[in-house]
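Observations on the three-dimensional arrangement
Listed below, chain by chain, are the residues.
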Amino acid sequence: MYIIAENIHIISPRVKEAIANKDAAFFKNLVAQLVEAGASAIDLNIGPQKKLGHEILPWLVEVVEEVTDLPLVFDTTNLKAIEAACETVSKAQPIINSTDARPERLETVPLVAKKYNTRLIALTMAEGMIPVSADERVGIALERLIPHMLEIDFPITDLIIDPLVLTVSGCQEYCPECIEAVRTLKYAWDPPPLTNGGLSNVSNQVPSEMRPLLDRTYMVMLMGAGIDMVIANPLDRQLMDWIRVVEERDESTPLYRLLLKLHDRVAAAETLQPEDVDMSDPQQVEVWKTVQVLLNKVIYTDSYLRL
């Protein structure tokens, strides 16, 4: 699994402070930890940064490239900042995060990606509300995103479709539809575009102690649907272990066997069944309850594990 480390994010007070102070040592230390933990790429989320983005993002690129050769992801709506970063990067092919199907983005961002030979994340959203159904999200990819990329001769192999992971708290109906969108996108084009998801979005606005289980369980389900990459936290050791369990088909514990059963059920377009779960095992019961919430079969509440 290709893990884009989400940890350099302007929403973090410590990251925000380090950017303001140009604390290179902070970022070098953090990136070293992310690389050690198994990150495949490093997301650099600086927010809009309308005034100084064209200075901040290239500076971050230089700092991070001092300690890693991993690809960098330029995560901002500031196109001038992205261009400045593209002119600065000197190692692996970077990724721009992101465009979508709105004309003001679709007509500008992909051209920058083509000019600088980057990969490009494209969100399945257009004007108005983010569509709920998998079919609508796939439709945006097939009818607007991919045709535009072909029109400008952008390599489909460098296109990464993101069908948008949304939170189970308030947008619960989106969660199973995102899984189905990932599954369908794998058969929607030849060659199929890569797929990506912002994993931790599924647990936004959820109490912090409950977030890891939601993220890890959804990860296994997305892997079953065939997702290629996620923006996630590689410092979550249990998340990385659950990914390993699926990739290595590790059946060494009852919990691991359940995770593999969950993965295989999703891969077969089936749902996890009660007989798949040892209901006397508290860990397995927590996974079962979490799956029911993520499939929108049981209404999410902050107390769902206690019900």
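We now turn to the structure provided with this report. None of these values were measured; they are calculated from a predicted model.

**Focus: the nonpolar core**
Of all hydrophobic cores here, the largest spans 53 residues; its most connected members are Phe27, Ile42, Leu44 and Phe74. Filtering out sequence-adjacent residues up to four positions away, isoleucine 42 remains in contact with Ile4, Ala5, Ile8, Val31, Leu34, Leu70, Pro71, Leu72 and Val73.

**Structural notes on the packing of helix α10 (residues 237-248) against helix α11 (residues 254-267)**
Viewed as axis vectors pointing N to C, α10 and α11 meet at an angle of 70 degrees, and their least axial separation amounts to 9 Å. By the angle class used here, α10 and α11 are roughly perpendicular. For the element pair α10 and α11, the recorded crossing hand is right-handed. Counting all contacts with α10, which are made through Asp241, Trp242, Arg244, Val245 and Val246, the residues of α11 involved are Leu255, Tyr256, Leu259, Leu260 and His263. Its residues assigned to classes, the contact of α10 with α11 comprises seven nonpolar, one polar and two charged.

**Quick notes on the sheet that holds strand β8 (residues 229-232)**
By definition, the strands of a sheet pair up through backbone hydrogen bonds, in either a parallel or an antiparallel sense. Spatial strand order, β1-β2-β3-β4-β5-β6-β7-β8: eight strands in a closed barrel with parallel pairing. With direction set aside, neighbouring strand axes in the sheet form an average angle of 25 degrees. Sheet analysis places strand β3 (residues 72-75) next to strand β4 (residues 95-99), joined by three bridges and oriented parallel. Residue pairing for β4: phenylalanine 74 is matched across the bridge by isoleucine 96. Relative to strand β1 (residues 2-9), helix α2 (residues 24-37) is tilted by about 155 degrees, and along the sheet it contacts β1 and β2 (41-45).

**Topic: the pairing of strand β6 (residues 159-162)**
Side-chain alternation along β6 places Leu159 and Ile161 on one buried face and Ile160 and Asp162 on a second face that is also buried. Here strand β5 (residues 119-123) runs beside β6; their pairing, made up of four bridges, is parallel. For isoleucine 121, the partnering residue across the bridge sits in β6 and is isoleucine 160. Each parallel crossover has a hand, and the one from β5 via helix α7 (residues 134-151) to β6 is right-handed. Alignment of β6 against strand β7 (residues 194-198), held across two bridges, turns out to be parallel. The residue of β7 that forms the bridge with isoleucine 161 is threonine 195. One crossover worth recording links β6 to the parallel β7 by way of helix α8 (residues 174-185), and it is right-handed.

What counts as what
Residues numbered from 1 in each chain as written. Predicted model: local features only at pLDDT ≥ 70, side-chain atom pairs only at ≥ 80, totals over all residues. Heavy atoms only, no water. Core = buried A, V, L, I, M, F, W, Y, C linked by side-chain atoms within 4.5 Å. Buried < 20%, exposed > 50% of the residue type's maximum accessible area, 1.4 Å probe, protein only. Contact = heavy atoms within 4.5 Å. Axes fitted to C-alpha atoms, helices over the stretch in contact; angles between N-to-C directions. Helix = DSSP H or I, 4+ residues; strand = E, 2+ residues; numbered from the N terminus. Parallel < 35°, antiparallel > 145°, perpendicular 65-115°, else oblique. Left-handed = near helix turned anticlockwise from the far one by under 90°. Nonpolar A, V, L, I, M, F, W, Y, C, P; charged D, E, K, R; others polar. Pairing = 2+ DSSP bridges. Right-handed = clockwise from strand over helix to strand, strands pointing away.

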